[in-house]
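# Working through the structure, step by step
Chain by chain, the residues run as shown.
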Amino acid sequence: MSKEQLTKSSPRESQKAAPQLSKWLFYLALLPAIWGVCAWQGWAWWSWASAAPKIAETSTSPGDGAAVSIQIPPGTSSQQIGQDLEAAGLIRSAGAWDMWARWLTMQNRDGGFKAGTYQLSPTQPLSAVAEKIWKGEVAQQSFTIPEGWSMQQMSAYFEAQGFFPAKDFMAAASQVPYAQYPWLPSGLPHLEGFLYPDTYQLDGDAISPEAVIKQMLDRFERLALPVYQKNQNNTKFSLKEWVTLASIVEKEAVVAIERNLISGVFNNRLKNNMPLGSDPTVEYALGIRQTKEKPLTFKQVETPSPYNTYINVGLPPTPIASPGIASLEATLAPENTEYLYFMARYDGTHIFSRTLAEHNAAVAKIDQKVRSGQ
């Protein structure tokens, strides 16, 4: 090819290159837009996938936002947790869960997803659900033991709540843990009276008779024991005697204003070597509970038992219930009184008497009101 031919072909090649360059410039200009669309779609998906499955404010069904109990067994993989959460309706996407789990791991955060039973709400976003399981914020169960309850009542309550069988609690409460609580009086047949009445919380996976008893003994040790230790030199009662008398005061006193007065009456009877004559001790011995319509009978009151304070002088062998702090304090600070008797009016208050004749008159008066339906 001659120089002339070479010169003539150059313009055509230049014309060919121009459209190709324009095409590449077009693609380069389009690429950011494509990236933007992909990023927007990815973000839109993530926003959907990580959001709460249900919005509490717009839920129409009453149970839409209710917490769901889910158990994560030990050794469960992060992937399996995500699948379980998605199946339970607690997250929208197991895939999003896996991405978030990797993100948590990449942050070099200590720990990991922890086994346990959790109460999770479908109104929580994925990040909140993950955070709760990562930190091990397992579900807690609360229980309340009222003042004046016996171990028998507690055991029935725990069984009714579905915690554990009543017999398991009674068996555990018959094992006195002297090694952990050396201050417990020696020779106790069970823990009656020392299981402090209060409201408690336990991890859902830690509900057992032993765990419940430990919490209650810990609470007695922290709240009740110091009250006795502070006043130990000013009372004639041993620790067991103190709790025993306080348990009777707890069962007898209904209104707070009478608590110290009832304690004073019992102290007077003990000083005079008189039987305490307390109905709740007979009820405890027989495993019954009297009512206004069905009071204790003479036969029941005369039934022999170490707990029957109508026929035995002094205190029963053990407490008959769990006294609260007010009754424990009242037992250490009895009211100075001449009263030796009291009779329930069945409205929470009592008629107090100095002599047996006054007491019998009060009993007759109350019986007459009961028979007349007043």
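In short, a report on the structure.

## Some thoughts on empty space enclosed by the protein
What the rule picks out here adds up to one cavity of 30 Å³ or more. Roughly 40 Å³ of volume is contained in the largest cavity. Forming the boundary of the largest cavity are Ile-70, Gln-71, Ile-72, Pro-73, Thr-76, Ile-81, Asp-84 and Leu-85. Secondary structure elements with two or more residues in the lining of the largest cavity: strand S1 (68-72) and helix H2 (78-87). Looking at the lining of the largest cavity residue by residue, the classes come out as five nonpolar, two polar and one charged.

## Observations concerning unusual backbone geometry
For Asn-273, which is not a glycine, the phi torsion comes out positive at approximately 55°. Looking at the element boundaries, Asn-273 is found in the loop between helix H9 (259-271) and helix H10 (279-286). Asn-273 sits in the exposed class, given a relative accessible area of 58%. Of note in this structure, Tyr-346 is not a glycine but carries a positive phi near 70°.

## A look at the side chain of His-350
Relative to the helices and strands, His-350 is located in strand S6 (residues 350-353). With relative accessibility at 6%, the residue His-350 sits in the buried group. At 2.7 Å, the side chain of His-350 and the side chain of Glu-258 are in polar contact. Apart from residues lying up to four places away in sequence, His-350 is in contact with Glu-252, Glu-258, Ile-262, Phe-342, Met-343, Ala-344 and Arg-345.

The rules behind each value
Residues numbered from 1 in each chain as written. Predicted model: local features only at pLDDT ≥ 70, side-chain atom pairs only at ≥ 80, totals over all residues. Heavy atoms only, no water. 1 Å grid on protein atoms, 1.4 Å probe; cavity = no way out; pocket = protein on both sides within 12 Å on 5 of 7 lines; lining within 4 Å. Points joined across faces, edges and corners; volume = space filled by probe spheres on them. Helix = DSSP H or I, 4+ residues; strand = E, 2+ residues; numbered from the N terminus. Nonpolar A, V, L, I, M, F, W, Y, C, P; charged D, E, K, R; others polar. Buried < 20%, exposed > 50% of the residue type's maximum accessible area, 1.4 Å probe, protein only. Polar contact = N/O pair within 3.5 Å; in protein donor to acceptor, adjacent residues only side chain to side chain. Contact = heavy atoms within 4.5 Å.

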